[in-house]
Amino acid sequence: DVKVTQSSRYLVKRTGEKVFLECVQDMDHENMFWYRQDPGLGLRLIYFSYDVKMKEKGDIPEGYSVSREKKERFSLILESASTNQTSMYLCASIMEGNQPQHFGDGTRLSIL
Amino acid sequence: GENVEQHPSTLSVQEGDSAVIKCTYSDSASNYFPWYKQELGKRPQLIIDIRSNVGEKKDQRIAVTLNKTAKHFSLHITETQPEDSAVYFCAAINDYKLSFGAGTTVTVRA
């Protein structure tokens with residue numbers, strides 16, 4: 001069974017801090033994704049990566065960056081955290097496009 | 001990009017009744033449509049999916065229908081049970097990017 005692991009379930013940071021959210025998958029998947037989930041808005045794609053060192057912007061990339069130095073790991077970076085980035089962040093991975101995405105447990109991030 | 005709309009946003013049904021959730025999508029190139037169920041505090045889990053070359057798919061009490069011409073697809077849950085209470089998300093995939101609907105909170109009343 002595919003396992004997608006996010007490094008933290010809960011995280012509290014302060015405004016202006018640089019925040020790293022880590023995601024690791026164990027199935028050699030090519031494609032990895034970062035979403036944020038907010039009530040009434042569903043899941044919105046922040047960034048995705050289709051290969052090592054490759055990345056593409058999703059629907060809401062502003063204020064975020066990503067890093068994919070190794071195939072199994074995809075990091076989401078908040079360069080200077082702001083309170084409007086308080087949210088649930090979900091990582092997902094798939095091998096190919098027309099396959100179901102496998103999600104991590106999510107990181108609930110609070111920016112104070 | 002793809003735009004997925006989902007209705008209703010909340011749905012309350014009596015145990016044993018059916019529940020229907022409807023989604024529309026904008027990009028005719030989308031060709032894969034998964035449905036996810038998310039229980040409180042847990043990750044979204046795939047419950048059923050359908051590809052664009054199929055009009056209907058069923059798995060026990062859950063079925064999904066797809067109308068490519070009208071660009072809409074629906075989730076049907078029959079004989080609802082309390083454990084069906086959750087948030088359900090539809091999604092459409094285009095070029096391996098998933099676009100999600102806003103979600104439907106389903107409550108099954110005992």
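First, a word on scope: everything that follows refers to the structure included in this document.

Rules used in this analysis
- Residues numbered from 1 in each chain as written.
- Chains lettered and ligands numbered in written order.
- Predicted model: local features only at pLDDT ≥ 70, side-chain atom pairs only at ≥ 80, totals over all residues.
- Heavy atoms only, no water.
- Helix = DSSP H or I, 4+ residues; strand = E, 2+ residues; numbered from the N terminus.
- Rg over C-alpha atoms; globule rule 2.2 N^0.38 Å.
- Areas by Shrake-Rupley, 256 points an atom, 1.4 Å probe, with all protein chains shown as cover.
- Lys, Arg positive; Asp, Glu negative; His and termini not counted.
- Charge placed at Lys NZ, Arg CZ, Asp CG, Glu CD.
- Salt bridge = Lys/Arg side-chain N within 4 Å of Asp/Glu carboxyl O.
- Buried < 20%, exposed > 50% of the residue type's maximum accessible area, 1.4 Å probe, protein only.
- 1 Å grid on protein atoms, 1.4 Å probe; cavity = no way out; pocket = protein on both sides within 12 Å on 5 of 7 lines; lining within 4 Å.
- Points joined across faces, edges and corners; volume = space filled by probe spheres on them.
- Pairing = 2+ DSSP bridges.
- Axes fitted to C-alpha atoms, helices over the stretch in contact; angles between N-to-C directions.
- Phe/Tyr/Trp six-rings, centres within 6.5 Å; stacked < 30°, edge-to-face > 60°.

**So, the overall build of chain A**
Of the regular secondary structure elements, chain A holds 0 helices and 11 strands. Secondary structure of chain A in N-to-C order comes out as β-β-β-β-β-β-β-β-β-β-β. A compact globule built from 112 residues should have a C-alpha radius of gyration of about 13 Å, and chain A, at 13 Å, falls within 12% of that. The dimensions of chain A, computed from C-alpha atoms along their principal axes, are 35 × 30 × 25 Å. Counting only carbon and sulfur atoms, one obtains 49% of the accessible surface of chain A, whose full area is about 5400 Å². Each charge class in chain A was averaged separately, 15 positive and 16 negative side chains, and the resulting centres sit 7 Å apart.

**A word on the pattern of salt bridges**
What the rule picks out here adds up to 12 salt bridges over all chains. D105 of chain A is the salt-bridge partner of R43 of chain B, the closest N and O atoms lying 2.7 Å from each other. Placement of R43 of chain B in the loop between β4 (32-38) and β5 (45-51) and of D105 of chain A in the loop between β10 (102-103) and β11 (107-111) is noted, with the two residues assigned to different chains. In this structure R43 of chain B comes out as buried when scored by relative accessible area, which is 18%. Overall, D105 of chain A belongs to the partly exposed group, its relative accessible area being 31%. As a salt-bridge pair, E39 of chain B and K42 of chain B come within 3.8 Å of each other at their nearest N and O atoms.

**A short note on the layout of surface pockets**
A volume near 560 Å³ is recorded for the largest pocket. Every residue lining the largest pocket is counted, 24 residues in all, and those nearest its centre are Q37 and R108 of chain A together with Q38, L40 and V87 of chain B. Broken down by secondary-structure element, the contributors of at least two residues to the lining of the largest pocket are β4 (31-38) and β9 (87-94) of chain A together with β9 (86-94) of chain B. Among the elements that make up the lining of the largest pocket, the one with the highest residue count is β9 of chain B (3 residues).

**Examining the sheet that holds strand β6 (residues 56-59) of chain B**
Residues and elements named next belong to chain B. Taken together, 5 strands build an open sheet; the order of strands is β1-β3-β8-β7-β6 and the sheet is antiparallel. Bordering the open sheet on either side are β1 (4-7) and β6, each of which pairs with just one other strand. Recorded for the sheet is a direction-independent mean angle of 15° between the axes of neighbouring strands. Summarising the sheet, β6 and strand β7 (residues 62-67) pair through 4 bridges and their orientation is antiparallel. From the neighbouring strand, K58 faces β7, where its bridge partner is A63.

**Remarks on the packing of aromatic side chains**
Counted under the stated rule, the structure contains 13 aromatic pairs over all chains. Ring plane angle 50° and centroid distance 5.8 Å describe the contact between Y36 of chain B and F100 of chain B, whose orientation is recorded as tilted. Of the two residues, Y36 of chain B is situated in strand β4 and F100 of chain B in strand β10 (residues 97-100); the sequence distance between them amounts to 64 residues. According to the relative accessible area criterion, Y36 of chain B is buried, its value standing at 1%. Connected via pairs of aromatic rings, a cluster forms that spans F33, Y35, F48 and F103 of chain A together with Y36, F89 and F100 of chain B.

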